[in-house]
Amino acid sequence: MHRARSNSLSLCHLGDHRCTYLCGNSLGPLAKRSKFLLKEELHVWGTRAVQAHFKHPHGREWLNIADTVTPLLAELIGAQEKEVACMGTLTANLHLMMSAFYKPTSTRFKILCEGKAFPSDQYAFASQARLHGYDPSQAIVEIFPRDGEFTLRESDMLDVITKEGSSIAIVIFSGVQYYTGQWFPMKAITSAAKAQGCICGWDLAHAIGNVPMALHDWGVDFAVWCSYKYLNSGPGGIGGLFVHEKWETSKAPEYAGWWGHDPVTRFSMPPKFTPIAGAQGYQQSNPSVLATVCLLGSLQIFKEAGMMEPLRERSSLLTGYLESLLVKSEFYVAPDAVASRYPLEETSTSAHKLSPAFTIITPHAPESRGAQLSLLFLPPNSDVMQNVFDYLLSKGVVGDERKPDVIRLAPTPLYNTKLDCERAASCLEEVFKSLTKYR
């Protein structure tokens, strides 16, 4: 794995200096393979132009460019190739899937999701509810952590599905929650949803390339994802979707497009749409070749590294190691002690007198998290997080901030090392000592 890191991924720099990049949960770094393939395609474009759709010097005809990544994506999520389409962007794909699967009735119309899902998901859920004539405040059911807790309990999620299942049309959670880093019990939730007659879908933006999955075997109805986080496809990279094969004969795409038409007759330009069997029938326009080869370069590295089994093993070790370093800090506060030591009702004046500290709101259990650790800085709504973030960045430690109080650090197994974890923990300790020096 160390060799894969040094030879296959471009090292991240901040200005002229090497940096410790722990932000792959937000945007993965550039794979050298992707850079090479991109240069090849630019040359092919410049020398072959339109002919490259049908005859390509490297065997990547643009007509079938998505076929280069579909098998690898299917392997990552535990799906059959025909259940996967490399296409579009996450939210556009989410709307396509909800238009296909959200069929509310007078008695079964609710959308169940986690509280504080990624905003784009919230917007999509609300707009889909309104589109069908429902008030989002009535149609959308959000599950929040218990008071004093930061993540959802599996029992609470399953209880809601059981109690309200007869009124729920779609159960749709994030595979890994973007803010807390919690890996939801996907198999158990899917099983519970199906037992209640609900459609079950997943937003895999923070799960694909991060945690192992078996969407086909679990019976998931649909899923969507982006590819620029753990899959390292580049900013705004191409998305993807999954549709279980059980829907192949009973559900046709409602928003047909040229690229979803049977490729045998596509260029005969028939007036009647004949969809490709499976998920690829949902394609609308031809995928960006440049975006797809950027994804291909990274996926080839995944394949050479052994895909998710060895990567997950290494991820658990790295994330556990970073956590072990962080909890040793004198400034660390256990999650269950936060409420008593830093009460929310404190005024801004009294909160200023509290000592700067941090906790980890990501679950401790490896089976309930991926590569990400979310650090909550204390007191809440103070300037501690921003001061820490700015200091880390000045030292070349790159995480990402979620205002007002959270920094996410993701030791990603494809390219990060224990040294990266040690560097981040050391710099964090330095900045806290400087913050408390004159208190």
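Residues numbered from 1 in each chain as written. Predicted model: local features only at pLDDT ≥ 70, side-chain atom pairs only at ≥ 80, totals over all residues. Heavy atoms only, no water.

Draft legend 1. Region of the structure containing the sheet that holds strand E10 (residues 240-243). As summarised here, the arrangement of the seven strands in space is E4-E10-E9-E8-E7-E5-E6, forming an open sheet in which the pairing is mixed. The open sheet has two edge strands, strand E4 (84-86) and strand E6 (140-143), and neither has a second partner. Across this sheet, the average inter-strand angle for adjacent strands is 15°, counted without regard to direction. Two strands pair when backbone bridges link them, and strand E9 (residues 222-225) and E10 are joined in this way by four bridges, in the antiparallel orientation. Each bridged residue has a counterpart across the sheet, and for Trp-225 the counterpart in E10 is Gly-240. Where helix H3 (residues 70-77) meets the sheet, its contacts fall on E4, E9 and E10, and the angle it forms with E4 comes to roughly 125°. Across the sheet, helix H5 (residues 119-131) is in contact with strand E5 (110-114), E6, strand E7 (168-174) and strand E8 (199-203); its angle to E6 comes to roughly 150°. (Pairing = 2+ DSSP bridges. Helix = DSSP H or I, 4+ residues; strand = E, 2+ residues; numbered from the N terminus. Axes fitted to C-alpha atoms, helices over the stretch in contact; angles between N-to-C directions. Contact = heavy atoms within 4.5 Å.)

Draft legend 2. A look at the layout of surface pockets. Its boundaries defined by the atoms lining it, the largest pocket holds a volume of some 880 Å³. Lining of the largest pocket is provided by 35 residues; of these, Lys-116, Glu-149, Phe-150, Tyr-179 and Leu-376 occupy positions nearest its centre. At the level of elements, H5, helix H12 (338-341) and strand E12 (373-378) are the ones that each hand at least two residues to the lining of the largest pocket. Looking at the lining of the largest pocket residue by residue, the classes come out as 20 nonpolar, eight polar and seven charged. (1 Å grid on protein atoms, 1.4 Å probe; cavity = no way out; pocket = protein on both sides within 12 Å on 5 of 7 lines; lining within 4 Å. Points joined across faces, edges and corners; volume = space filled by probe spheres on them. Nonpolar A, V, L, I, M, F, W, Y, C, P; charged D, E, K, R; others polar.)

Draft legend 3. Molecular detail of the pattern of salt bridges. Summed over all chains, the structure comprises 15 salt bridges. Here Lys-110 ties to Glu-164 by a salt bridge, and the two come within 3.4 Å at their closest N and O atoms. Placement of the pair is Lys-110 in strand E5 and Glu-164 in helix H7 (residues 154-164), with a sequence separation of 54 residues. Looking at Lys-110, the relative accessible area reads 18%, which means it is buried. (Salt bridge = Lys/Arg side-chain N within 4 Å of Asp/Glu carboxyl O. Buried < 20%, exposed > 50% of the residue type's maximum accessible area, 1.4 Å probe, protein only.)

Draft legend 4. Up close: empty space enclosed by the protein. Inspection of every chain in the model, using the stated rule, returns two cavities of 30 Å³ or more. Roughly 60 Å³ of internal volume is contained in the largest cavity. With three residues, the single largest contributor to the lining of the largest cavity is helix H11 (residues 308-326). For the lining of the largest cavity, the per-class residue count stands at six nonpolar, four polar and one charged. There is about 40 Å³ of room inside the second largest cavity. If you trace the second largest cavity, you find it lined by Leu-375, Phe-377, Leu-392, Val-397, Leu-409, Ala-424 and Leu-428. Mapped onto the lining of the second largest cavity, the elements with two or more residues apiece are E12 and helix H15 (418-436). Across the lining of the second largest cavity, the residue classes tally to seven nonpolar, no polar and no charged.

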